[in-house]
Amino acid sequence: MVEQEPTSTAGQRLGAPDTLGISTLEPGHKPPTMPSGRHIAIRVRMLDDSEELFDISQRASGKVLFEMVCAHLNLVEGDYFGLEFQDQRKMMVWLDLLKPIMKQIRRPKHTVLRFVVKFFPPDHAQLMEELTRYLFALQIRQDLASGRLTCTDSSAALLVSHIIQSEIGDFEEAQCRQHLLNNNYIPDQMALMDKIMEFHHKHVGQTPAESDYQLLEVARRLEMYGIRLHPAKDREGTKLSLAVAHTGVLVFQGHTRINAFNWSKIRKLSFKRKRFLIKLRPDLNQSAYQDTLEFVMASRDCCKVFWKICVEYHAFFRLFEEPKPKPKPVLFSRGSSFRFSGRTQKQVIDYVKDTEFKKLPFYRKHSRVQYNSSLSPLPSPLHSQVPNQAEGRSWKESALVSSEDSAALRMRGSPSPSAQRSGRNDGVSAAADDSRAQAMGARQQGTELHTADVASLSVSLVNGHRRGDELNGASPSPDGQQPSPLTSPLLNDSSGLRTDDEEENRRKRFPTDKAYFIAKELLTTERTYLKDLELITLSFQSVLDKEESTPESLQSLLKSSFEPLHSYHSDFLKELEQRLALWEGRSNAHIKGDYQRIGDVMLKNTQGLKALTAQLQKHSECVSELEKACRASRRLENVCRDFELQKVCYVPLNVFILRPLHRLLHYKQILERLCKHYPATHPDFRDCRAALADVSELEALLHSSMLKTDNYQRLLELQKDLIGLDNLATPTREFIRLGCLSKLSGKGLQQRMFFLFSDVLLYTSRGITSSNQFKVHGQLPLRGMTIRESEEEWGVPHCFTLVTQRQSVVVAASSVSEMEKWMEDLKMAVDLAEDSNGPSTSLLTNSNDVKSPGEWASEVESEDDLGGSRTSLERHGNSSAHHRGNTTVHVCWHRNTSVSMLDFSIATENQLSGNLLRKFKNSNGWQKLWVVFTNFSLFFYKTHQDEYPLASLPLLGYSVTVPAESENIHKDYVFKLHFKSHIYYFRSESEYSFERWMEVIRSATISSSRTRYLNRKEPY
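The structure presented is a predicted model; accordingly, all values stated were derived computationally and were not measured.

This next bit is on the packing of helix H16 (residues 514–546) against helix H17 (residues 552–584). Across the interface, H16 lies against H17 with an axial gap of 8 Å and an inter-helix angle of 150°. Here H16 lies roughly antiparallel to H17, going by the angle between them. Note on packing geometry: the crossing formed by H16 with H17 is left-handed. Among the residues forming the contact of H16 with H17, the class breakdown is 19 nonpolar, 6 polar and 9 charged.

Bringing the nonpolar core into the picture now. Core analysis: the largest hydrophobic core is formed by 122 residues, its most contacted members being Ile598, Leu938 and Trp997. Take this core: its biggest share by element is 14 residues, from H16. Contacts of Ile598, omitting those with residues within four sequence positions, involve Ala519, Leu522, Leu576, Arg579, Leu580, Trp583, Leu674 and Asp684. Within the second largest apolar cluster, 104 residues are counted, among which are Leu95, Met128, Ile163 and Trp307.

On to the packing of aromatic side chains. A complete count under the given rule lists 32 aromatic pairs for this structure. Measuring from centroid to centroid gives 5.4 Å for Tyr650 and Phe656, while their planes differ by 90°, and the two rings are edge-to-face. Residue classification places Phe656 among the buried residues on the basis of a relative accessible area of 1%. Cluster of aromatic residues (ring-pair linked, three or more members): Phe66, Tyr80, Phe81, Phe115, Phe119, Phe120, Phe136, Tyr225, Tyr313, Phe316 and Phe317. Sitting over the face of the ring of Phe656, Arg659 holds its NZ or CZ atom 5.9 Å from the ring centroid. Between Arg714 and the ring centre of Phe904, over which it is positioned, the NZ or CZ distance is 3.8 Å.

Here the focus is the pattern of salt bridges. As enumerated under the stated definition, the model contains 46 salt bridges in all. Salt-bridge contacts for Asp79 lead to Arg343; the nearest nitrogen and oxygen are separated by 2.7 Å. With Asp79 in the loop between helix H2 (62–73) and strand E4 (81–86) and Arg343 in the loop between helix H9 (300–318) and helix H10 (345–354), this pair connects stretches of sequence that are 264 residues apart. On the basis of relative accessible area, Arg343 is assigned to the partly exposed category, the value being 25%. Residue Glu294 pairs with Arg235 through a salt bridge whose shortest N-O separation is 3.9 Å. With Glu294 in strand E13 (residues 292–296) and Arg235 in the loop between strand E7 (230–233) and strand E8 (239–244), this residue pair connects regions lying 59 residues apart in the sequence. With relative accessibility at 53%, the residue Arg235 sits in the exposed group. Where salt bridges share partners, they join Glu521, Arg673, Arg996 and Glu999 into one cluster.

Looking now at helix H20 (residues 619–632). Taking 1.5 Å of rise per residue, the 14 residues of H20 would be expected to cover 20 Å, and the 20 Å separating its terminal C-alpha atoms lies within 8% of that figure. Among the residues of H20, His619, Ser620, Cys622, Val623, Leu626, Glu627, Ala629 and Cys630 are the ones counted as buried. For H20, the elements touching its buried residues are H16, H17, helix H19 (613–616), helix H21 (634–644), helix H22 (653–677) and helix H23 (685–721).

With that out of the way, let us pick up the packing of helix H18 (residues 599–611) against H23. Following both chains from N to C, one finds H18 and H23 inclined at 25°, their axes separated by 8 Å at the closest point. As summarised for this structure, H18 and H23 are arranged roughly parallel, according to the angle between their axes. By crossing handedness, the relation of H18 to H23 is classed as left-handed. Contacts from Gly599, Asp600, Met602, Leu603, Thr606, Gln607, Leu609 and Lys610 in H18 reach Asp687, Cys688, Ala690, Ala691, Asp694, Val695, Glu697 and Leu698 in H23.

Another point: the sheet that holds strand E35 (residues 982–987). Overall, antiparallel pairing links the 7 strands, which are arranged E32-E31-E30-E29-E35-E34-E33 in an open sheet. Two strands in the sheet have a free side with no partner beyond their single neighbour: strand E32 (951–954) and strand E33 (959–961). Averaged over all pairs of adjacent strands, the angle between strand axes in this sheet comes to 35°, irrespective of strand direction. Here strand E29 (residues 912–920) pairs with strand E30 (residues 927–934) via 7 bridges, running antiparallel. Paired with Ser913 across the two strands is Val932, which belongs to E30.

Before going further, it helps to spend a moment on the confidence of the model for the protein. With 72% of its residues at a pLDDT of 70 or more, the protein has an overall mean of 76. In this model, residues 371–502 is a region of pLDDT below 50 whose contacts with residues beyond four sequence positions or in other chains number 380 contacts. Here residues 846–881 is a poorly scored stretch, pLDDT under 50, and it has 56 contacts once near neighbours within four places are set aside; other chains count.

This brings us to the pairing of E13. Here E13 lies mainly inside the structure; 4 of its 5 residues are buried. Across 5 bridges, strand E12 (residues 275–280) lies against E13 in antiparallel orientation. Its bridge partner being in E13, Ile278 is matched across the sheet by Leu293.

As a further point, take the environment of His246. On the secondary structure map, His246 appears in the loop between E8 and strand E9 (248–253). Taking the C-alpha atoms as reference, His246 lies 6.6 Å from Pro121; in sequence the two are 125 residues apart. Once residues within four sequence positions are removed from consideration, His246 is found in contact with Phe120, Pro122, Trp263, Tyr313 and Phe317.

Quick look at the side chain of Thr132 now. Of note, Thr132 is situated in helix H4 (residues 130–146). Within the structure, Thr132 has its side chain in polar contact with the side chain of Glu77 (distance 2.6 Å). In contact with Thr132, other than residues within four places in its own chain, are Leu75, Glu77, Phe81 and Leu127.

Buried residues dominate strand E3 (residues 51–57), accounting for 6 of its 7 residues. Pairing of strand E2 (residues 39–45) with E3 involves 7 bridges; the strand directions are antiparallel. The residue bridging Arg43 from the neighbouring strand is Leu53, located in E3.

Time to look at unusual backbone geometry. You will see that His798, though not glycine, has its phi angle at about 55°, which is positive. A positive phi angle is found at Asn935, which is not glycine, with a value near 55°. Its location among the elements puts Asn935 in the loop between E30 and strand E31 (937–941).

Parameters and conventions
- Starting from 1, residues in each chain are numbered consecutively following that chain's sequence as written.
- Confidence filtering applies because this is a predicted model: local features only for residues at pLDDT of at least 70, side-chain atom pairs given and counted only at 80 or more, and all residues used for totals across whole chains, interfaces and linings.
- The side-chain values count all of the structure's non-hydrogen atoms but skip hydrogen atoms and water molecules.
- For every element, the axis is a line fit to its C-alpha atoms; helices are fit only across the contacting stretch, and the angle between N-to-C directions ranges from 0 to 180 degrees.
- Each helix is a run of DSSP H or I of at least 4 residues and each strand a run of E of at least 2, with the numbering of both proceeding from the N terminus.
- Working definition: roughly parallel below 35 degrees, roughly antiparallel above 145 degrees, roughly perpendicular at 65 to 115 degrees, and oblique for all remaining angles.
- Helix crossings are classified by the rotation of the near helix relative to the far one: an anticlockwise turn of less than a right angle makes the crossing left-handed, while a clockwise turn makes it right-handed.
- In this classification, Asp, Glu, Lys and Arg are treated as charged, Ala, Val, Leu, Ile, Met, Phe, Trp, Tyr, Cys and Pro as nonpolar, and every other residue, Gly included, as polar.
- We define a nonpolar core as any set of buried Ala, Val, Leu, Ile, Met, Phe, Trp, Tyr and Cys residues linked to one another through side-chain atoms lying within 4.5 Å.
- Burial here depends on accessible area, computed with a 1.4 Å probe over protein chains only, as a share of the maximum for the residue type. Under 20% is buried, over 50% is exposed, and the range in between is partly exposed.
- For this analysis, residues touch if any pair of their heavy atoms sits within 4.5 Å.
- Here the aromatic set is Phe, Tyr and Trp, taking the six-membered ring for Trp, and pairing holds for ring centres within 6.5 Å; pairs whose planes are under 30 degrees apart are stacked, those over 60 apart are edge-to-face, and all others are tilted.
- Both a distance and an angle decide whether a charge sits over a ring: NZ of Lys or CZ of Arg must be within 6 Å of the ring centre and within 35 degrees of the ring normal.
- Here, a salt bridge means any Lys or Arg side-chain nitrogen found within 4 Å of an Asp or Glu carboxyl oxygen.
- Multiplying 1.5 Å by the residue count of a helix minus one yields the expected span of that helix.
- Two strands are said to pair when DSSP picks up at least two bridges between them.
- As a per-residue measure, pLDDT reflects the predictor's confidence and takes values from 0 up to 100.
- Polar contacts, as used here, are pairs of N or O atoms within 3.5 Å; protein pairs need one atom able to donate a hydrogen and one able to accept it. Residues neighboring in sequence count only if both atoms are side-chain atoms.

Here you go:
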C-alpha cells in the first residue's frame, strides 16, 4: 500500500492561497493501537469533499479508524463527529466504534465512509476549538446545498453571505457576483443573489473564524438545524418523520415539527420488528395519559438504525461519563448489547478546558482570505475572543495515512520543526511573524564539508554508468554487472562553504511573498528545460549531421521543430533572470513594485508560444519518424543507442523530444498557482489570468496527440527492455501497468516481471546477460480471462489466479495494495479487450515459444532456464547491445513494486528543479546540490550549469516524511527520504519550495489509484 495527502486538494494543486486556522492536539498523544494482521485501505471523504485513504488492519475496531481520522485532522473535539457509510442494504448507518470494521463493511474497496457531524450541540459556544467550528460550518454548507437545512429566504441569504465572507473576504461587488455565479450554495440561489450581496456588504472586516462563528449563530436558531429525518407512520397511517436532537425525540410532518418528547419524559425507547416504541413517564397533570407511542417504519433495520442514534444522543448530551459495558450473560441474552462509546459532551468540554494544547495551523480549502493574526472579540460568554488563523500554512499530508504515521502527521502540522521543539506558541504578533518569515524566506543554502562513513558508501548509477570511480573509488561487482538501482548518491563537494550565520545574512534580503517563490520555480525549471532543448538542438543534431545514414527528412524535421523553440526559450530565460534579479533587488535598476510581478512576462511568453504552435505540433511526428528511421537502418539505431547511453542523456531520448509538450503542462500549473494566490484586485492577476487562458487553449489543442505519443513512447521504451517479442509498439495497443509479481510454479514462488497492455499480459524474467534486458516467457490473452483471489486456496499471502482458455497462472503480490492495484487494472483491461473487435495476436518472436495446454500445465521454470542460451540471445540481435541499467523496469524489479500509465502521467506533470541541501544520516554537514526531479528519480548536479548529473536516486519504493524529534535535525524545511537502511535528509530554501518538493516526490513514491487520479484535479 502506498504511503499518503497528501492527495493534495484541488485548491492546493492549483496554487490556492493558504489560509489557515488554529487546531490543537496534545503533543504526547499516542496514535491508536493497530492490531496485527492483514491490512486494508479504507477511503474516507472529509467535510471539504477531499478523500483520504487509511491503511488499517482488518481486525481493527471502528474506534481505531475514527481516531486515525481525528489524528490526521489534528482534531481534539472529535467526539462531535462520526463516520457514516452505506451498508449492503443501501442504508446510511454510523460506524460502530466497538465492532471490528470488517464485520460492518463487507466490501471496503467499494465503500466510502463520510466524516460528518454526528452530534449538534444547542450552543456553538460550547465548541472550544476554531477547527471544530470550521468543520461545523462545512457541515452547514453541505446541508444548505443539499436542501436538508430548510429555512426562509432571508435566513438562507444571511447564511450564504457569511459563507462567502469566509471564502473571499470583504465585499467587492464584481468579485462577489462572479463568485456566486461560479458556486452554488442553495438550491434557488439566483433569485436571492441581490439579498446575499446586501448581507455580504455588512460583514466588512469579518475574518473567516468570525464568519464561522456567526454562521453557526444563525444556523442554530433554525428548526431544521442538525435534523436528520427518518420516515415513519403513526397508527393511522399518516406519513411522518422522526428525528433526534439534544433535547429528545422529535416528530415532523414534512419540515414542520409537530411534537417533541423531552429526554426527561421518556422512560424507554425500544423497537419490535417494524414498530418503534416510545414509552413515556406518567404525567400527573394530564388526565388522558398515553403510556406508549408507536410508530411504524419501513423495516426492522430502519428501526434499529434510529434506535441506535437515539441511544447515542441521549448518552452524549445527558450523561456525565461514558456508560459502562454490561456484563455478559452466562447462558443467553435478550435485546441488543449496543451501547454508546466515547466521551460525553461534558467530558469533552472538561478535557479541552483542563488540558494545555499547542496551536497547530490547519488548511481552509475554500478560503482565499489572508490577514494578520490579531484577535477580534465576539459576544460569547465562554469565548471573549475567537482565535484567528495563524499566518503560515499546514504542510500537505500524503494520500494514505497509516497508524504508525499518526504522530508524524501531527508534527507536520507545526510551523517548523524548530518552533515545535522550542514549544513556542503560534499566537504571536503579526510583526513577529513577519520578521520570522523574512528570516526564513528565500534561502541560498550553504554547504559544509563532511566525510561519510566508508562502510556506508555505495555506488550510484546515471543511465547505467558507474560513478563510483569518480565519487568514492568503489570497485565493480564480482559478476561484472551493473549494481542495483537501490544504490544511493554519494557526492563530496568541498567548494563554496558557508557558515549558517553567513547564510542567514544572505537570506534576509530576499522577498518573502509566495508569488516570488512561484516565479523562482518557473526560473529554475526553465533552466533545466533549456538544457534539455540544447541536448536535441546541439548535441543530438550534431551527431546526426555526422552520420550519413540519417535521412534528410528527419534532420530537417528536427531542425524546424526545435531550433525556433530553443532560440525563443533562450530569450525567455534571460528575461526571467532579469525580472527575478529586479524582484530580489540585485540589479542596479532596483525599483520595487513595478518589477515584483511575473504575469506580464508570462503573458508575453504564452503569446509567443501560440505563434510556435506549428513547431509544437511536429514533436509527435519527430518520435515516429526517428523510430521509422532506426528501423530502416541498423547503423542509425546503434548511433541513437550510443547517444542515449551518454551521461548527458539522463532520461530516454524520446522524453527529451517530447519535453516541449510537457512544458506546457508546467506553465499551466504555475499560472494556476499564481491566479489562486493573487486576489482579483492585484495588478498582476489580469496578466496571469490572460496567460493561463492562452496556455490552456494551446494545451487543449495538443492534448490528444500528447496522450497518444506518450503511450507510443512508453511502448518503444519497453520494447528496448524486452527480448523475445516483436512489434510491441502498435497504434491500437495501450500500456497499463508493469511491475513485479511472484509466479507459482513447480519450484515454488519465483520473481517475475509482468507487463500489462490493453490486449495481452506478458511475464518475463531478468536475463543473466550483459544487456540487462528481460526475456519474455509467456503471454496471456486478456479476452476471456477471469481473475479471482486465491489466498485461501494456495495458502500464499496476496495471491490471485489468472484463468484463460488455455491455462491458469497463480501469482502473488508483495502487499495487499499491490494485489488490489493489479486486480483493478487487470479487470479494467479485460473489459477493454472484451469490447475490442481486433483479433488476438501473438507478440512472441518464435512460434515455438507458444506452448500447448499440456506444456503449460507441466511447465517447471528455473533460473537456468530464464537466462536462456547465448545463441538464442544472438538470434534476437541483442548479444552485444549495452542497455540502460536504471530504467523504471529495473527499479521496479529491484524494489519489488509496480507503476502504471497513470503514474507516468502524474510524473510527467510533476517535474521540479532547484537547489537543495543534502545530508546523510550519520554526517553533520549539509551539501549544496542542484537537484532535478523527473522520471521517478532525483538527479544531482553541483550547479545548474553542469552538463550531466553526478548521480541519481530512483524514488520508487522510498517514503518521504519530515524528521522526527529524536533525529535532532534542528533546521526548518527539512524532509527525509527513507528506504530500508538508506536515509537522506534534504533541506529547502523556503516553506513554499519545501511543500513543492514534498508534493512532487510523493507523486513518485505514492502510486495513485485510478479513481483518485481522475478526480484529483478541478479546472480553474
